[in-house]
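The primary structure of each chain is shown beneath.
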Amino acid sequence: MLNAIYEEDFLGFSYGFRPKRSQHDALDALITGIHCTKVNYIFDADLRSFFDSVSQQWLIRFLKHRINDTRMLRLIQKFDKDARRFQEAMCDRLREFSLSLHPEKTRLIEFGRFAVERRAHRRLGKPETFNFLGFTLICGTSSGGQFQIKRKTRRDRMRAKLKEIKEEMRQRRHHSIPEQGHWLRQVVTGFFAYYAVPTNIWSLGTFRSRIIDLWRRSLRRRSQKDGTTWRRITKLANDFLPRARILHPWPQECFAVKYPRWEPSARMGPARFCAGGAQ
């Protein structure tokens, strides 16, 4: 609807976000203009964080010049204020109990099914990620090209775990290989039990590979004559360490089993539990 209203205002040399006009069309126009006219200078400029810093009041004033439908104006304003209104309400609510949100760990990010497309239109790059319960959540796509939230092990958590294991292996360096192998099997099994979720197979494989390398280095330090080769350590890993594989079901499947009457509700928010009375 807005395209139909504002399209007639654009001039021929305007290309950004217009229908049937791509980046390559703009490049062709630029090169042709430089070749066919007496161009001596190029003014290269870019607005800093336009959509993050532009005055919302001025945007609404500009819209009111061409749009009289108050419902449309309210809808446009909601795009920016629903999430921000919740953030303000949360701060006010916590303040009643002498609590506050951590300023460095609190942020409002654009995320979800339409975040990639919207940010691409504003030339902001890929959607930001966020961490939750040991995972980094990412806006991605499935093998079929559909929207899919991908989870991978937080890098800092994996580094901390590997550092902890490295120190423990130093203490167990002179234990027998079977003892080390059984202990490492418990470590890797425990790690997989939590992090072996769909879309995280790459992180699982990386963790297992790092464990194998740490084990090889530890064995080689037991003696200057130790000849632990990659071939030998690979055989030991295959004998003792579980292979990387997904152990948890897809979230939708697991959630549907626990809450069979759950259904999304646009009026009540992102989810509604019809059973149990929780909303």
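Residues numbered from 1 in each chain as written. Predicted model: local features only at pLDDT ≥ 70, side-chain atom pairs only at ≥ 80, totals over all residues. Heavy atoms only, no water.

## A closer look at unusual backbone geometry
Despite not being glycine, Leu133 shows a phi value in the positive range, around 50°. Note that Leu133 resides in the loop between β1 (130–132) and β2 (135–141). A relative accessible area of 56% places Leu133 in the exposed class. The backbone of Thr199 sits at a positive phi, close to 75°, despite the residue not being glycine. The topology assignment puts Thr199 in the loop between α8 (177–195) and α9 (201–220). Accessibility expressed as a relative area gives 29% for Thr199, which makes it partly exposed. (Helix = DSSP H or I, 4+ residues; strand = E, 2+ residues; numbered from the N terminus. Buried < 20%, exposed > 50% of the residue type's maximum accessible area, 1.4 Å probe, protein only.)

## Side note on the pattern of salt bridges
Throughout the structure, instances matching the rule amount to 13 salt bridges. Here Lys161 makes a salt bridge to Glu164, at a shortest N to O gap of 3.8 Å. With Lys161 and Glu164 both in helix α7 (residues 155–171) and three residues apart, this pair spans about one turn of that helix. On the basis of relative accessibility, which here comes to 27%, the residue Lys161 falls in the partly exposed class. Among the ionic pairs, Asp213 bridges to Arg217, the shortest N-O distance being 3.0 Å. Here Asp213 and its partner Arg217 are both found in helix α9, four residues apart, which amounts to about one turn of the helix. Residue Arg217 is classed as partly exposed on the basis of its relative accessible area of 40%. The network of salt bridges with common partners includes Glu8, Asp9 and Arg66. (Salt bridge = Lys/Arg side-chain N within 4 Å of Asp/Glu carboxyl O.)

## Overview of the side chain of Gln148
Its location among the elements puts Gln148 in strand β3 (residues 147–153). Judged by relative accessible area, Gln148 falls into the buried class, the value being 18%. When residues no more than four places from it in sequence are discounted, the contact partners of Gln148 are Ile138, Cys139, Gly140, Thr141, Ser142, Thr199 and Trp250. (Contact = heavy atoms within 4.5 Å.)

## Quick word on the pairing of β2
The buried count for β2 comes to five of seven residues, which makes it a mostly enclosed element. Summarising the sheet, β1 and β2 pair through three bridges and their orientation is antiparallel. Looking at β2, one finds that Phe132 is bridged to Phe135. Across seven bridges, the pairing between β2 and β3 is antiparallel. From the neighbouring strand, Thr136 faces β3, where its bridge partner is Lys152. Adjacent in sequence and paired antiparallel, β2 and β3 are bridged by five residues, among which Gly145 carries a positive phi angle near 85°. (Pairing = 2+ DSSP bridges.)

## Notes on the confidence of the model for the protein
Here the protein averages 80 in pLDDT, while 87% of its residues score no lower than 70. Of the regions scoring below 50 in pLDDT, residues 264–279 engages in 18 contacts with residues more than four places distant in sequence or in other chains. (pLDDT = per-residue confidence, 0-100.)

## Topic: a positive patch on the surface
A cluster of basic side chains, namely Arg74, Lys78, Lys81 and Arg85, defines a positive patch on the protein surface. Mapped onto the elements, Lys81 comes out in helix α5 (residues 70–95). (Patch = residues over 30% accessible without salt bridge, like charges linked within 9 Å, V, L, I, M, F, W, Y side chains within 5 Å. Areas by Shrake-Rupley, 256 points an atom, 1.4 Å probe, with all protein chains shown as cover. Lys, Arg positive; Asp, Glu negative; His and termini not counted. Charge placed at Lys NZ, Arg CZ, Asp CG, Glu CD.)

## Regarding the sheet that holds β3
Strand order in this open sheet of three strands is β1-β2-β3, and the pairing throughout is antiparallel. Two strands in the sheet have a free side with no partner beyond their single neighbour: β1 and β3. When strand polarity is set aside, the average angle formed by the axes of neighbouring strands in this sheet is 40°. (Axes fitted to C-alpha atoms, helices over the stretch in contact; angles between N-to-C directions.)

## Observations concerning the packing of aromatic side chains
Within the structure shown, the criterion is met by nine aromatic pairs. Consider the rings of Trp215 and Phe240, whose centres lie 6.1 Å apart with planes at 75°: the pair is edge-to-face. Residue Trp215 is located in helix α9, and its partner Phe240 is located in helix α10 (residues 230–240); the two are separated by 25 residues in the primary sequence. Phe240 matches Trp215 in its accessibility class, with the two residues each being buried. (Phe/Tyr/Trp six-rings, centres within 6.5 Å; stacked < 30°, edge-to-face > 60°.)

## Things to note about a nonpolar patch on the surface
A contiguous nonpolar surface patch, about 370 Å² in accessible area, is contributed by Leu30, Ile31, Ile34 and Ile42. Among the residues examined, Ile31 registers a relative accessible area of 47% and is labelled partly exposed.

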